[in-house]
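These are the residues of each chain, in order.
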Amino acid sequence: MPSWSLPSVSPVFISFFLFGLINNVLYVIILSAAVDLVGARTPKAAVLLANILPSFTVKVAAPFFIHKIAYGQRMVVLVALSTAGMLLVSLPPSIPPKIAGIMLASVSSGAGEVTFLQLTHFYSGTSAVGGFSSGTGGAGIVGSFYYLFLTNICRFASWKVLLVSSAMPLVILVVYHRLLPPQEPRESSGDEIPAWATTDAGAHIKDTLNKIKPLVKPYMLPLTSVYLFEYVINQGISPTLLYPLDQVPQWLIRTYRDTYVVYGFLYQLGVFISRSSINFGVRIRHLEVMAILQGLNVVFCVIQSMSFKFPFPSIWMLFPVMVYEGLLGGFAYINTFVAVSEASTDDTREFNMGAVSMSDSLGIVIAGIVNWAVETRLCRWQVDHGRSWCQQG
């Protein structure tokens, strides 16, 4: 049985909570706005890939160079990129500039996750990594509810909601310079001489890959699998998990587009709960279990999309599934990084935390590619069987 205890709300915890919250909240808002950004007939995988491919690319490249950039400099770049990205997402009327803005925000999010996870190395205990994980979960709740409330309930135009969100990244600079306590003296994995200044860059790359290799099977593969499955559900299957509008709570869902936003909020609710679980002493050590259970969720959701009435004849029965899906994803995330932190030595922890951070993004990238076919084919199946809801806004 897991032991339960109240989390320590220290300045370190609060700082990393806010880092996780702000770093991920724009990512969540963009995914929540996917239908509004590209329309009902365009696969939501377009937004997902634009929102994750640059982030994934940064995470893959980061172990080779990011330790050469001071943390203070990284913060300024993160804020500039994400703010500029959200301005592009909110203002232009056409899709290409919006995609470019999404990609800028994605670069910031990916570099930010690597940066903040590496920064946890300089603070002992679980306050830093627990705070960051809880903050990223909180970003799901804040971002999805922010978008759902202002668009579904208050009926504000989506571009106005997105424009206001462009000011959120400024919080990172305030927290880093005013709230975060000084770093504890810990050994860093960084080198004195930049890799690109050496005569044997190939040896540096080989050495970096050798450092990553032991992390693949125990940590990276399970986390990649969980995120692959859950994002196949989120952006590939859930846009087709629709019910007649007279069978849904109309105070919350007035159009088929609203259903997608509600599913996103419920998923993020589960993510927030589970990503915060380590702060209450909850540990899950068998990381592969979450991958298996998430794979089963994919199967059930595909069956539901094709049959409409089985295994979830009412949308009220599907709502808890979305929360459960988020719980599995959040448990996989926090337990993976706590396990990496505990298994690493002082001179490898900073590198390992950054390297493993590419795992969830890899799963999402694969899901984005798969979802081009998944959503399109499921929607076509429904239309061929007399249900054209997936083509309506």
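Residues numbered from 1 in each chain as written. Predicted model: local features only at pLDDT ≥ 70, side-chain atom pairs only at ≥ 80, totals over all residues. Heavy atoms only, no water.

## Observations regarding the UniProt feature "transmembrane region" (unreviewed entry) in the chain
Following the UniProt record, one finds the feature "transmembrane region" (unreviewed entry) at residues 12-34, 46-66, 75-93, 129-150, 156-176, 260-278, 284-303 and 315-334. For residues 260-278, the helix share is 84%, the strand share is 0%, and the end-to-end C-alpha distance is 29 Å. Across residues 315-334, helical content stands at 100% and strand content at 0%; the span's end C-alpha atoms are separated by 29 Å. (UniProt positions renumbered as here; feature names shortened; annotations may be inferred. Helix = DSSP H or I, 4+ residues; strand = E, 2+ residues; numbered from the N terminus.)

## Some words on the domain arrangement of the chain
Each assigned domain of the chain is listed with its residue range as follows: domain 1 (9-181) and domain 2 (201-392). For domain 1 and domain 2, the distance between their C-alpha centroids amounts to 18 Å. The interface is formed by 53 residues belonging to domain 1 together with 52 residues belonging to domain 2. Summed over both partners, the interface of domain 1 with domain 2 buries about 4,500 Å², with 66% contributed by carbon and sulfur atoms. Contact with domain 2 buries surface across domain 1, with Phe64, His121 and Asn152 losing the most and accounting together for 13% of the total. Applying the counting rule to domain 1 against domain 2 returns three salt bridges. (Domains from an automatic or database assignment. Contact = heavy atoms within 4.5 Å. Buried area = accessible area lost by both parts, 1.4 Å probe. Salt bridge = Lys/Arg side-chain N within 4 Å of Asp/Glu carboxyl O.)

## Thoughts on the state of the cysteines
Across all of its chains, the model carries one disulfide by this definition. For Cys379, the disulfide goes to Cys390, at an S-S distance of 2.0 Å. Taking the sign of the S-S torsion, about 85° here, the bridge from Cys379 to Cys390 comes out right-handed. Taken together, the residues Cys379 in helix α14 (residues 358-384) and Cys390 in the segment after α14 connect sequence positions eleven residues apart. Free of any disulfide, Cys301 has its nearest neighbouring cysteine sulfur in Cys390, separated by 16 Å. Residue Cys301 is classed as buried on the basis of its relative accessible area, which comes to 1%. (Disulfide = S-S within 2.5 Å. Buried < 20%, exposed > 50% of the residue type's maximum accessible area, 1.4 Å probe, protein only.)

## Digging into helix α8 (residues 170-179)
Turning to α8, its buried residues are Ile172, Val175 and Tyr176. The buried residues of α8 occupy an angular sector of 95° when the element is viewed end-on, so they sit on one face. Residues of α8 that are exposed and point more than 90 degrees away from the buried face comprise Val174, His177 and Arg178. Buried residues in α8 make contact with α1 (11-32), α4 (71-90) and α5 (95-119). (Arc of directions from axis to C-beta.)

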